[in-house]
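As a plain string of letters, each chain reads:
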Amino acid sequence: MSKYDVIVLGSGPGGYVAAIRASQLGLKTAIVEKENLGGVCLNWGCIPTKALLKSAQVFDYLKHADSYGLTVKEFDKDFGKVVDRSRGVAEGMSKGVQFLMKKNKIDVIEGLGKLKPGKKVDVEGKEYTADHIIIATGARSRELPNLKQDGKKVIGYREAMTLKKQPESMIVVGSGAIGSEFAHFFNSMGTKVTIVEFLPNLVPLEDEDVSKQFERSFKKAGIKVMTNSSVEKLDTSGKLVKATVKTKKGEETLEAEIVLSAVGIASNLENIGLEEVGIVTDKGKIQVNDFYQTNIPGYYAIGDVVPGPALAHVASAEGITCVEKIAGLNVEPIDYGNIPGCTYASPEIASVGMTEKQAKEAGYELKVGKFPFSASGKASASGEKDGFVKVIFDAKYGEWLGCHMIGAGVTDMIAEAVLGRKLETTGHEVLKTIHPHPTMSEAVMEAVADAYGEVIHL
Ligand SMILES: Cc1cc2nc3c(=O)[nH]c(=O)nc-3n(C[C@H](O)[C@H](O)[C@H](O)COP(=O)(O)OP(=O)(O)OC[C@H]3O[C@@H](n4cnc5c(N)ncnc54)[C@H](O)[C@@H]3O)c2cc1C
């Protein structure tokens, strides 16, 4: 029987990052993976979707080339090649993780792993033992009873990113990051897209101002937006899927070639030995403490299998925290109030901290500032004037409570607010931080200036 200090079950951004950190800290480490190294993020999530979205962006630029003074006489998309490029990027990233495992001397055990009592893991009949076992088995597309996925006409995200043929029409159910990104991608490619959201706003977790702007942009791009609406029934018997949608005004029947269900995820908790070991779960998640220890000593859980935002950077941070604690380092628990969330549609969305509504409900007196990209020199030069940066400060002590951005490239700008909040920066300090000109990031400084009545370019 092979003996390790740490065995990680699952090689997504939670698992493989935990394994690397464990190895860096001198722990003998193995990782078990039943599919491709890199998990959902690299193979079926973050990376391949961003590759698809890049193709959509290039295509959109070509469509609007004349607005940049350019004549592009002939151009077209090749949907198959767009998908192939995305798969190639994912494959390359997975190979990169393979390299990192080798570099860090981590044993990769291929196959389906199952936890056993006594700190053991069974991988297809072979037993391995470790002082610490980290569960990082991730999640899959959630299925709702009235949205049963058949993988052909009613699909989840895996099928959506590997379609052989571009559908002429599509209904996207759910407008979180995944639904919104696919809605934008297919719409840009020329599919007729309807997005159906149960709640009153698209991207419902975002600040309301952001959601409203996003809805305007989606409608302008030609996407049919149905909020306050729910898909009640699907009829897949004909060539097109018939969806019965309940709206505030009554029922409406939509027809589309494909329905993409993007109504969230379900953690992979089944058949991994949780019951046998006695690990406690609640509401579909493994229960852990601040350092990701389960109720059974020696067993830990991180990433999409534990409560908290299901995001790659969260999974990785949890993996690092978990392993550093195992190695006896002096670690602080993760601050779940300071996690950035991004949607990579067009326009992009990025946010951290409280929305204006949440901050008001929490009883703060606020200073709110907003700077539209229409007043930004860089945005004008780039032809990307839609969107804004909104900042929310506590009026009393100047604490940066929240930052909400919508517009081109904002997903690369949000880290400033995350760092500022981590360092407990006040509004005044951001205001006095010189930002380079011309950049989209100046909008952060100007939004803060707006909050304090000192905005220059408005
Ligand atoms: C379409 C889509 C787009 C996304 N885009 C983003 C984004 O832009 N940014 C972001 O932060 N997040 C994004 N996410 C979310 C992100 O992918 C997940 O939060 C992240 O992958 C979770 O990491 P994880 O390590 O917990 O698990 P996963 O990445 O799900 O990895 C789990 C791994 O465990 C393996 N496994 C499961 N059971 C076993 C077993 N019994 N034995 C062996 N191996 C097993 C699986 O095969 C898998 O490889 C996206 C998700 C989707 C679906």
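Residues numbered from 1 in each chain as written. Predicted model: local features only at pLDDT ≥ 70, side-chain atom pairs only at ≥ 80, totals over all residues. Heavy atoms only, no water.

## As for the domain arrangement of the protein chain
Buried accessible area, meaning the area lost when the parts come together, often serves as the stated size of an interface. When cut into domains, the protein chain gives domain 1 (2-141 + 266-336), domain 2 (154-263) and domain 3 (347-451). Each side of the interface is counted separately: domain 2 has 11 residues, and domain 3 has 14 residues. For the pair domain 2 and domain 3, the two sides together bury roughly 1,000 Å², of which 58% comes from carbon and sulfur. When the area that domain 2 buries against domain 3 is broken down by residue, the three leading residues are D207, V210 and Q213, summing to 45%. (Domains from an automatic or database assignment. Contact = heavy atoms within 4.5 Å. Buried area = accessible area lost by both parts, 1.4 Å probe.)

## A look at the sheet that holds strand β21 (residues 348-353)
Strand order in this open sheet of five strands is β20-β21-β24-β23-β22, and the pairing throughout is antiparallel. Since the sheet does not close on itself, it has two edges, and those belong to β20 (341-343) and β22 (366-372), each with one partner. Averaged over all pairs of adjacent strands, the angle between strand axes in this sheet comes to 10°, irrespective of strand direction. As defined by bridge partners, β20 adjoins β21 across three bridges and the pair is classed as antiparallel. Paired with T343 across the two strands is I349, which belongs to β21. Across the sheet, helix α12 (residues 415-422) is in contact with β21 and β24 (400-407); its angle to β24 comes to roughly 175°. (Pairing = 2+ DSSP bridges. Helix = DSSP H or I, 4+ residues; strand = E, 2+ residues; numbered from the N terminus. Axes fitted to C-alpha atoms, helices over the stretch in contact; angles between N-to-C directions.)

## What to know about the site of the ligand
In the vicinity of the ligand, 38 residues are found, and the nearest of them are G14, E33, K50, G113 and A312. At 3.2 Å from an oxygen atom of the ligand is found a side-chain nitrogen or oxygen belonging to H313. Calculation on the ligand without its partners gives an accessible area of 1,000 Å², and the protein chains cover 94% of this total. Only β2 (29-33), α2 (39-44), α3 (46-63) and α9 (312-326) provide two or more residues apiece to the shell around the ligand. (Near = heavy atom within 4 Å. Polar contact = N/O pair within 3.5 Å; in protein donor to acceptor, adjacent residues only side chain to side chain. Areas by Shrake-Rupley, 256 points an atom, 1.4 Å probe, with all protein chains shown as cover.)

## Examining unusual backbone geometry
Residues S346 and P347 are joined by a peptide bond in cis, for which omega reads 0°. Relative to the helices and strands, P347 resides in the loop between β20 and β21. For the bond running from H437 to P438, omega is -5°, close enough to zero to count as cis. As for its position among the elements, P438 is in the loop between α13 (427-431) and α14 (442-451). Of note, the phi angle at K119 is positive, near 55°, even though the residue is not glycine. Examined against the element boundaries, K119 turns out to sit in the loop between β4 (113-116) and β5 (120-123). For Y292, which is not glycine, the phi dihedral falls at a positive 70°. With respect to the helices and strands, the residue Y292 is situated in the loop between β18 (285-286) and β19 (299-301).

## Side note on a nonpolar patch on the surface
A cluster of nonpolar side chains, contributed by Y61, Y68, L70, V72 and F75, occupies part of the molecular surface with about 420 Å² of accessible area. With respect to the secondary-structure elements, F75 resides in the loop between α3 and α4 (79-103). (Patch = residues over 30% accessible without salt bridge, like charges linked within 9 Å, V, L, I, M, F, W, Y side chains within 5 Å. Salt bridge = Lys/Arg side-chain N within 4 Å of Asp/Glu carboxyl O.)

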